[in-house]
Amino acid sequence: MTPPAAGAPARPLLAGRAAVVVVYTAAMCMNGLDSTIVNPALFTIAEDFGRPVSAANAVETAFLVGLAVGLPVAGWLGDRYGVKRVFLGSLAAFTLASALCAAAPGLGALAAARAVQGVAGGLLTPVGMTLLFRAFAPHERAGLGRVLIVPTALMPALGPPLGGFLTEHLSWHWLFLVNVPIGVAALVTGLAGLRAEAEPPAGHFDTTGFLLATPGLGLLSYALGFGPAHGWSSPGVAFGGLAGLLLLGAAVRHQLRAEEPLVDVRLLADRAYGAATWLALLTSAGLMGALFALPLLYQAALGASALDAGLSVFPEALGLMAASQVVDRLLPRFGPRRLARPALLLAALVLAALGFAENPWAVRALMFAVGLVLGTAVLTVQIAGFADVPPPAMGRAMGLFTIVRTLGGALGIAAAAAVIGALGDDAGSAGPYRVALLGTAGLVAVGVLVAQRLPVEPPAPPPPED
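Residues numbered from 1 in each chain as written. Predicted model: local features only at pLDDT ≥ 70, side-chain atom pairs only at ≥ 80, totals over all residues. Heavy atoms only, no water.

1. What to know about the overall build of the protein chain
On a plain count of helices and strands, the protein chain comes out with 18 helices and zero strands. Put simply, the protein chain has 466 residues, and 51% of those count as buried. Residue pairs at least 24 apart in sequence account for 82% of intrachain contacts in the protein chain once pairs closer than 6 positions are excluded. Total accessible area on the protein chain is roughly 19900 Å²; 68% of this is exposed by carbon and sulfur atoms. (Helix = DSSP H or I, 4+ residues; strand = E, 2+ residues; numbered from the N terminus. Buried < 20%, exposed > 50% of the residue type's maximum accessible area, 1.4 Å probe, protein only. Contact = heavy atoms within 4.5 Å. Areas by Shrake-Rupley, 256 points an atom, 1.4 Å probe, with all protein chains shown as cover.)

2. Quick look at the packing of aromatic side chains
Per the stated rule, a full pass over the model turns up one aromatic pair. Arranged with centres 6.3 Å apart and planes meeting at 85 degrees, the rings of Trp172 and Phe176 form a pair that is edge-to-face. The positively charged end of Arg364 is found above the aromatic ring belonging to Trp361, 4.5 Å away from the centroid. (Phe/Tyr/Trp six-rings, centres within 6.5 Å; stacked < 30°, edge-to-face > 60°. Lys NZ or Arg CZ within 6 Å of the ring centre and 35° of its normal.)

3. Focus on the layout of surface pockets
By volume, the second largest pocket is sized at about 320 Å³. Along the walls of the second largest pocket sit 17 residues, with Val252, Leu400, Ile403, Val404 and Leu407 positioned nearest its centre. Mapped by element, the contributors of at least two residues to the lining of the second largest pocket are α10 (207-230), α11 (235-257), α12 (271-302) and α17 (394-423). Of the residues forming the lining of the second largest pocket, the biggest block, five residues, is contributed by α17. A per-class count over the lining of the second largest pocket returns 16 nonpolar, one polar and no charged. (1 Å grid on protein atoms, 1.4 Å probe; cavity = no way out; pocket = protein on both sides within 12 Å on 5 of 7 lines; lining within 4 Å. Points joined across faces, edges and corners; volume = space filled by probe spheres on them. Nonpolar A, V, L, I, M, F, W, Y, C, P; charged D, E, K, R; others polar.)

4. Here's the deal with the packing of helix α5 (residues 83-102) against helix α9 (residues 179-193)
Viewed as axis vectors pointing N to C, α5 and α9 meet at an angle of 160 degrees, and their least axial separation amounts to 9 Å. The pairing of α5 with α9 is recorded here as roughly antiparallel in orientation. Crossing hand, α5 versus α9: left-handed. Contacts between α5 and α9 pair Lys84, Leu88, Leu91, Ala92, Phe94, Thr95, Ser98 and Ala99 from the former with Asn179, Val180, Gly183, Val184, Ala186, Leu187, Gly190 and Leu191 from the latter. (Axes fitted to C-alpha atoms, helices over the stretch in contact; angles between N-to-C directions. Parallel < 35°, antiparallel > 145°, perpendicular 65-115°, else oblique. Left-handed = near helix turned anticlockwise from the far one by under 90°.)

5. A closer look at the confidence of the model for the protein chain
Looking at the protein chain as a whole, the pLDDT averages 76, with 79% of positions reaching at least 70. Ranking the elements of the protein chain by mean pLDDT puts helix α13 (residues 306-312) last, at 63, and helix α15 (residues 336-354) first, at 89. Low pLDDT (under 50) marks residues 1-11, which in the prediction has zero contacts with non-local residues, meaning those over four places away or in another chain. (pLDDT = per-residue confidence, 0-100.)

6. Considerations on the environment of Leu220
Here Leu220 is to be found in helix α10. Taking relative accessible area as the criterion, Leu220 reaches 11% and is therefore assigned buried. For the pair Leu220 and Gly240, spaced 20 residues apart in sequence, the C-alpha separation works out to 6.0 Å. Residues contacting Leu220, with those up to four places away along its chain left out, are Gly240, Gly241, Gly244, Leu245, Leu248 and Leu407.

7. Examining the packing of α15 against helix α18 (residues 431-450)
Running from N to C, α15 and α18 point in directions that differ by 170 degrees, and their axes come no closer than 8 Å. What the angle tells us is that α15 and α18 run roughly antiparallel. On the side of α15, the interface is formed by Arg341, Leu344, Leu345, Ala347, Ala348, Leu351, Ala352 and Leu354, while α18 contributes Leu437, Leu438, Thr440, Ala441, Val444, Ala445, Gly447 and Val448. Its residues assigned to classes, the contact of α15 with α18 comprises 13 nonpolar, two polar and one charged.

8. Quick notes on a nonpolar patch on the surface
A surface patch of nonpolar side chains, about 280 Å² in accessible area, is lined by Leu170, Trp174 and Leu177. Within the secondary structure, Trp174 is located in helix α8 (residues 174-177). (Patch = residues over 30% accessible without salt bridge, like charges linked within 9 Å, V, L, I, M, F, W, Y side chains within 5 Å. Salt bridge = Lys/Arg side-chain N within 4 Å of Asp/Glu carboxyl O.)

9. A closer look at the nonpolar core
Soluble, globular proteins show a tendency: their nonpolar side chains are buried together. If you look at the biggest cluster of nonpolar residues, it comprises 91 residues, and the most contacted ones within it are Phe87, Leu91, Leu294, Leu344, Leu354, Phe386 and Leu454. In this structure, Val59, Ala102, Ala113 and Leu166 belong to the second largest nonpolar core, which totals 17 residues. (Core = buried A, V, L, I, M, F, W, Y, C linked by side-chain atoms within 4.5 Å.)

10. Topic: the side chain of Arg337
Inspection of the secondary structure puts Arg337 in helix α15. At a separation of 3.1 Å, a polar atom in the side chain of Arg337 contacts the main-chain carbonyl oxygen of Gln452. A polar atom in the side chain of Arg337 sits 3.0 Å from the backbone oxygen of Leu454. In this view, Arg337 contacts Arg271, Pro342, Ala451, Gln452, Leu454, Pro455 and Val456; residues no more than four positions away in its chain are not counted. (Polar contact = N/O pair within 3.5 Å; in protein donor to acceptor, adjacent residues only side chain to side chain.)

11. Here's the deal with the environment of Thr207
Structurally, Thr207 is set in helix α10. By relative accessible area, which is 42% here, Thr207 ends up partly exposed. Residues Thr207 and Pro261, spaced 54 residues apart in sequence, show a C-alpha to C-alpha distance of 9.2 Å.

12. With respect to helix α14 (residues 315-334)
The end-to-end C-alpha distance of α14, which contains 20 residues, comes to 27 Å, matching closely the 28 Å that a straight helix rising 1.5 Å per residue would cover. Among the residues making up α14, those that are buried are Pro315, Glu316, Ala317, Gly319, Leu320, Ala323, Ser324, Val327 and Leu331. (Expected span 1.5 Å × (residues − 1).)

13. As for helix α4 (residues 74-81)
Counted residue by residue, α4 has six buried out of eight residues, so it is predominantly covered. All of the buried residues along α4 are Ala74, Gly75, Trp76, Leu77, Gly78 and Asp79. Just downstream of α4 lies Gly82, where phi reads positive at about 100 degrees.

Quick look at the structure:
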């Protein structure tokens with residue numbers, strides 16, 4: 001092996017596509033973990049600051065609202081300043097905000113730092129996916145399943161048990177400190193190994209769309225987050241939900257008419273991308289609703305502890321990781337439609353069966369099956385939906401996809417909580433939780449019809465160059 005010439009710059013250890021995969025995975029693991037790791041520590045955080053637990057909920061609400069603020073502008077910022085620059089800038093902001101969270105002197109400062117984390121996380125997800133999908137051609141993306149599944153499935157599932165362990169044996173400050181060395185290492189790797197690419201013209205910033213979509217998403221996220229606990233008729237929740245819906249309706253109307261919209265909802269007219277986006281909403285709503293309702297059912301029907309109930313859903317993450325291997329092997333053989341439709345139907349049946357499983361090992365086996373079959377469908381849909389999206393449109397397409405998927409998860413949790421609240425959540429009664437799980441199964445079953453719009457043939461490799 002010939003050594004580099006004297007004076008030549010040293011080649012980074014990781015560069016090109018390897019650097020994209022490593023940096024993307026590290027950043028998304030941080031983001032995915034932070035979406036769930038704080039929940040078990042809210043009581044301890046409130047106690048440390050001498051505040052009620054209800055006040056500590058502001059820590060999570062600030063993160064969700066910040067996420068909603070960052071998502072709509074991600075695509076435009078990537079086009080305007082470059083995907084690499086925006087991704088690494090968001091990663092730096094997320095890492096710094098994590099350090100500020102750990103050092104927060106009070107609840108207000110912690111909530112403010114969590115809001116910054118949320119904004120940075122809202123930018124990281126769609127911009128990071130754009131970076132990843134640009135690096136791999138459509139026919140190569142089936143192999144990305146094992147990369148996509150770790151941050152999107154394993155990390156959120158690992159969050160609650162890890163958060164409880166760190167809070168109990170160290171302190172809640174470590175929930176945020178764990179991000180700092182990972183973030184710094186990923187940032188250094190990205191600066192050295194990622195390549196900047198020519199971006200499409202960003203056009204003018206859609207100020208009207210921003211002023212409508214951003215507060216609309218923020219207010220709706222606030223209402224969905226607080227509605228189940230505070231009541232849907234409470235003034236803050238009712239106003240937030242109604243105002244959010246009105247603003248989002250006005251935002252969609254504006255986006256359809258604008259020459260250069262902030263979020264191009266017209267992309268939904270594309271058959272494959274539109275189907276994939278609506279399927280992302282349905283599957284995210286079904287999965288997040290089930291992950292909300294199942295631990296409550298497990299405690300109501302079996303008298304399990306909160307820790308046992310939380311651990312009972314963890315096999316779902318293992319099933320999702322196995323799904324990446326399934327998609328890698330079966331998508332090129334069967335194509336998106338023939339793989340997604342039976343997977344969605346099986347997922348709906350398994351979710352329905354969960355409502356009637358009372359044996360702990362049966363619950364764990366069914367949760368693994370949920371992860372396997374629903375994960376197969378989700379990965380297939382995501383790969384198929386972006387197969388024909390041209391690179392210039394990738395940033396905004398990914399931003400819209402992420403917004404819809406995020407709202408789907410929030411809607412699924414809110415719907416499950418609303419069903420449980422309406423039917424009564426008395427201890428010892430499993431009925432309301434079973435109905436909620438049947439509702440999540442119904443959402444996924446609707447996806448079988450939507451999946452009819454997916455392509456039949458798998459993504460084809462590009463023709464050989466002359």
